[in-house]
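# Structural overview for review
If you want the building blocks of each chain, they are given just below.
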Amino acid sequence: MSKKVLVLAETREGALRNVSFEAIAAAKQVSDGGEVVAVLLGDAVSEFGAELINYGADRVVTVEHPHLKHYTSDGYGQALMAVVEQESPEALVFGHTAVGKDLSPKIATKLQSGLISDVTAIEGEGDDAVFVRPIFSGKAFEKVKNKDGLLFFTVRPNNIAPLAKEERSGDVSSLSVDITNLRTIIKNVVRKSAEGVDLSEAKVIIAGGRGVKSADGFAPLQELANLLGGAVGASRGACDADYVDYSLQIGQTGKVVTPDLYIAAGISGAIQHLAGMSNSKVIVAINKDPEANIFKVADYGIVGDLFEVIPMLTEEFKKVM
Amino acid sequence: MNIYVLVKRTFDTEEKIVVSGGKIQEDGAEFIINPYDEYAIEEAITVRDEHGGEVTVVTMGGEEAEKQLRTALAMGADKAVLINTEDDLEEMDQFTSAYILAEYLKDKEPDLILTGNVAIDGGSGQVGPRVADLLGINYVTTITDLKIEGSTVTIVRDIEGDAEELETSLPLLVTAQQGLNEPRYPSLPGIMKAKKKPLEELELDDLDIEEDDVEAKTETIEVYLPPKKAAGRVLEGDLTNQVSELVSLLRNEAKVI
């Protein structure tokens, strides 16, 4: 049976996030030919409508309100529920992002629905769709089906391929919603993520461990990350030693990432760290210790001093890129 | 202040996961309090010590979860509650858990509820916000700092690496992110005291919950391990050659750059 699917699209630093295009592709797969409606919430977002159509949305609904400038679960919750009431969708798809993770349980509760979080693949189509998601931070996987009622899931960034972008036409309409009684007031957002590349969406991650030895030791890693348009991550050891902020920690506690390329420098490869990164497409290990566990999951390894190897790698990439 | 902490018993992070007969094998595995829930317990104790009141730790599951509750009591929580679902429920999902916890909490008039932002086993991060919404109270997830003055609550939360500063009020549910605090280890006197602290055990009947009310909305149909990776290649030779070989492999063989 065809389903009407609502997709929550998100912007970050003045552009649509890739995960929104990925969510549209996921929506198409479960819609069985039904309509895919993308929703944009914010203070000024209607300019992004056309691009969502080009990535496969059939229609876009925007809600613009000064109270939606910053995300709050109350503000976004009210706006999204108003769209749900107008559209009566049979399925909902969010990105598994800071916003998606925070908002989806609230909406699922209001709709008395299940919620399949952090989906990395969808097998089958329409009503037969089965959702693959990591458990134990990627040490294992489970396949989940929706049993009852509305279908609701969030997709992990970087895992589901977006549809090809093409010139399409579709309606972009706005819905006026009264946003009231916000119980949370956002005072300030302090940017800590360097260079604006978010770890969860990065295609390339250069991660450092205790072997990096100091906060300054991360500089050559950051330089390589900048060159490759990637982000810097870290093992728990490096965070515990205060070389970098905990927000960069990759592992079973910390972030779970699946970039195209993961370069582990001076990371021994504790089981908790492997849980957070071993599903990356290609893994490179650089470590002085040839016995280090990290070589067991690496596609390519170099036994050597990261402070020699990383700068050489940066120079070599500069030559060919 | 009336403080509740929602905790989950999970596999130790050191454990390898073994699947047999389509299920995760628990035999012989070490269990711990979900690490993110430990931050929640620590914060609850700190808030109580500053503002007075009582910390109640709540978990769901079978008898064996008593061990984790005793650990929380040994850390300094005042009371513990085990909602024993072992005999009543076979299939649960986040809808089920949140419903049961909210039914327990609805007449307790909590000022502050804390829990981890995610459990390291299921990893959905849903139960905290779901419980808050069922109770009709506000929630803030992935917090790294919490200050309470009167009824004003000032919070810093982690949003994908950036720090968001916000203001809200009680009653409130928060979910803990790493960096919030450094959980204490139970002291020996703490462990002795914990043995005498109240640990209440409830079943769904005690909460007037019918099994039909909490029937899971989703169903796990398969659990499996990721395919083992073939052993990789450790490059050899002169370091300069290794580096240029690596760059060429990443561009031409792996095609990721």
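Quick caveat: nothing in here was measured; it's all calculated off a predicted structure.

## A closer look at the environment of A:Glu167
With respect to the element layout, A:Glu167 can be found in the loop between strand S11 (151–155) and strand S12 (171–174). A sequence separation of 111 residues divides A:Glu167 from A:Gly56, and the C-alpha atoms of the two residues are 9.6 Å apart.

## Describing unusual backbone geometry
Here B:Leu170 and B:Pro171 are connected by a cis peptide whose omega angle stands at -5°. Mapping B:Pro171 onto the fold places it in the loop between strand S11 (162–169) and strand S12 (172–176). Although it is not a glycine, A:Gln112 sits at a positive phi angle of roughly 50°. Structurally, the position occupied by A:Gln112 is in the loop between helix H4 (98–110) and strand S7 (116–119). Of the residues examined, A:Gln112 reaches a relative accessible area of 57% and is grouped as exposed. The backbone of A:Asn181 shows a phi angle near 50°, a positive value even though the residue is not glycine. One can find A:Asn181 in the loop between S12 and strand S13 (185–190).

## So, the sheet that holds strand S15 (residues 233–234) of chain B
Sheet architecture is open: 6 strands sit in the order S15(A)-S14(A)-S16(A)-S17(A)-S18(A)-S15(B), paired in parallel fashion. Of all strands in the sheet, those with a lone pairing partner are strand S15 (231–234) of chain A together with S15 of chain B, marking the two edges. Sheet strands in contact with helix H5 (residues 219–227) of chain A are strand S14 (204–208), S15 and strand S16 (261–265) of chain A, and its direction is about 175° off that of S14(A).

## Details of the domain arrangement of chain A
Residue and element names in this part refer to chain A. Each assigned domain of chain A is listed here: domain 1 (5–174) and domain 2 (199–320). Tallying the contact residues gives 12 residues for domain 1 and 13 residues for domain 2. Summed over both partners, the interface of domain 1 with domain 2 comes to about 1,100 Å²; 36% of that surface belongs to carbon and sulfur atoms. A per-residue breakdown of the area domain 1 buries against domain 2 is headed by Ser137, Lys139 and Asn158, which together make up 53% of the total. Summed over the shared surface of domain 1 and domain 2, the number is 1 salt bridge. Residues Glu201 and Arg17 are paired through a salt bridge, measuring 2.8 Å at the closest nitrogen-oxygen approach. At the junction of domain 1 and domain 2, the tally comes to 8 residue pairs in polar contact (both at pLDDT 80 or more).

## Examining helix H4 (residues 127–135) of chain B
Listing the buried residues of H4(B) in full gives B:Gly128, B:Pro129, B:Arg130, B:Val131, B:Ala132 and B:Asp133. The inward-facing, buried residues of H4(B) contact H4 of chain A together with strand S1 (2–6), helix H3 (94–105), strand S8 (112–116), strand S9 (138–149) and S12 of chain B. Just past H4(B), the residue B:Gly136 takes up positive phi, approximately 75°.

## Focus on the interface of chain B and chain A
Counting residues at the interface gives 75 residues for chain B and 88 residues for chain A. Here chain B and chain A share an interface that buries about 7,100 Å² over both sides, 55% of which is from carbon and sulfur atoms. Of all residues in chain B, the largest losses of buried area upon contact with chain A belong to B:Glu160, B:Lys217 and B:Lys229, amounting jointly to 11% of the total for that side. If you look at where chain B meets chain A, you find 10 salt bridges. Residue A:Lys143 is joined to B:Glu222 by a salt bridge in which the shortest nitrogen-to-oxygen separation is 3.5 Å. Counting across the interface, chain B meets chain A through 37 residue pairs in polar contact (both at pLDDT 80 or more). Counting residues per element, the side of chain B that touches chain A draws most heavily on helix H6 (residues 239–253) of chain B, which supplies 11 residues. In this sheet, strand S14 (residues 218–224) of chain B lies alongside strand S10 (residues 140–146) of chain A in antiparallel orientation, the contact comprising 6 bridges. Looking across to S14(B), one finds that A:Lys145 is bridged to B:Glu219.

## Here's the deal with the pattern of salt bridges
Tallying each qualifying case throughout the model produces 43 salt bridges over all chains. A salt bridge links B:Glu160 to A:Arg12; its shortest N-O distance comes to 3.6 Å. You can see B:Glu160 sitting in the loop between strand S10 (152–159) and S11 and its partner A:Arg12 sitting in strand S2 (residues 11–12), one on each of two chains. What makes B:Glu160 buried here is its relative accessible area of 12%. Of the charged contacts, one joins B:Arg184 and B:Glu42 as a salt bridge, the two residues approaching to 2.9 Å between their closest N and O atoms. Within this pair, whereas B:Arg184 is found in the loop between S12 and helix H5 (188–194), its partner B:Glu42 is found in helix H1 (residues 35–51), the two being separated by 142 residues in sequence. The network of salt bridges with common partners includes A:Glu10, A:Arg12, A:Glu13, A:Arg17, A:Arg191, A:Asp198, A:Glu201, B:Glu160 and B:Asp162.

## Side note on the packing of aromatic side chains
Any two aromatic rings considered together are summarised by their centre-to-centre distance and by the angle between their planes. Throughout the structure, instances matching the rule amount to 10 aromatic pairs over all chains. Geometrically, the ring pair formed by A:Phe136 and B:Phe11 is edge-to-face, given 5.2 Å between the ring centres and 70° between the ring planes. Within this pair, whereas A:Phe136 is found in the loop between strand S9 (130–135) and S10, its partner B:Phe11 is found in strand S2 (residues 9–11), the two belonging to separate chains. Ring geometry for B:Tyr4 and B:Tyr104: centres 6.3 Å apart, planes at 75°, overall edge-to-face. One end of the pair, B:Tyr4, is in strand S1; the other, B:Tyr104, is in helix H3, and 100 residues separate them in sequence.

## Side note on the environment of B:Thr152
All names here are of chain B. Following the sequence through the fold, Thr152 ends up in strand S10. The spatial distance from the C-alpha of Thr152 to the C-alpha of Thr96 is 32 Å, given a sequence separation of 56 residues. For Thr152, the residues in contact, after removing those within four places along its chain, are Lys147, Glu167 and Thr168.

## Comments concerning the nonpolar core
Counting 39 residues, the largest nonpolar core has B:Val5, B:Leu112 and B:Ile155 as its most contacted members. Take this core: its biggest share by element is 7 residues, from H1(B). Sequence-distant contacts of B:Ile155, that is, excluding residues within four places in its chain, are made with B:Val140, B:Ile143, B:Asp145, B:Leu146, B:Glu164, B:Glu165, B:Leu166, B:Thr168, B:Leu172 and B:Val174. Counting residues in hydrophobic clusters, the runner-up holds 35 residues, among them A:Val212, A:Phe218, B:Leu239 and B:Val256.

The rules behind each value
Residues numbered from 1 in each chain as written. Chains lettered and ligands numbered in written order. Predicted model: local features only at pLDDT ≥ 70, side-chain atom pairs only at ≥ 80, totals over all residues. Heavy atoms only, no water. Helix = DSSP H or I, 4+ residues; strand = E, 2+ residues; numbered from the N terminus. Buried < 20%, exposed > 50% of the residue type's maximum accessible area, 1.4 Å probe, protein only. Pairing = 2+ DSSP bridges. Contact = heavy atoms within 4.5 Å. Axes fitted to C-alpha atoms, helices over the stretch in contact; angles between N-to-C directions. Domains from an automatic or database assignment. Buried area = accessible area lost by both parts, 1.4 Å probe. Salt bridge = Lys/Arg side-chain N within 4 Å of Asp/Glu carboxyl O. Polar contact = N/O pair within 3.5 Å; in protein donor to acceptor, adjacent residues only side chain to side chain. Phe/Tyr/Trp six-rings, centres within 6.5 Å; stacked < 30°, edge-to-face > 60°. Core = buried A, V, L, I, M, F, W, Y, C linked by side-chain atoms within 4.5 Å.

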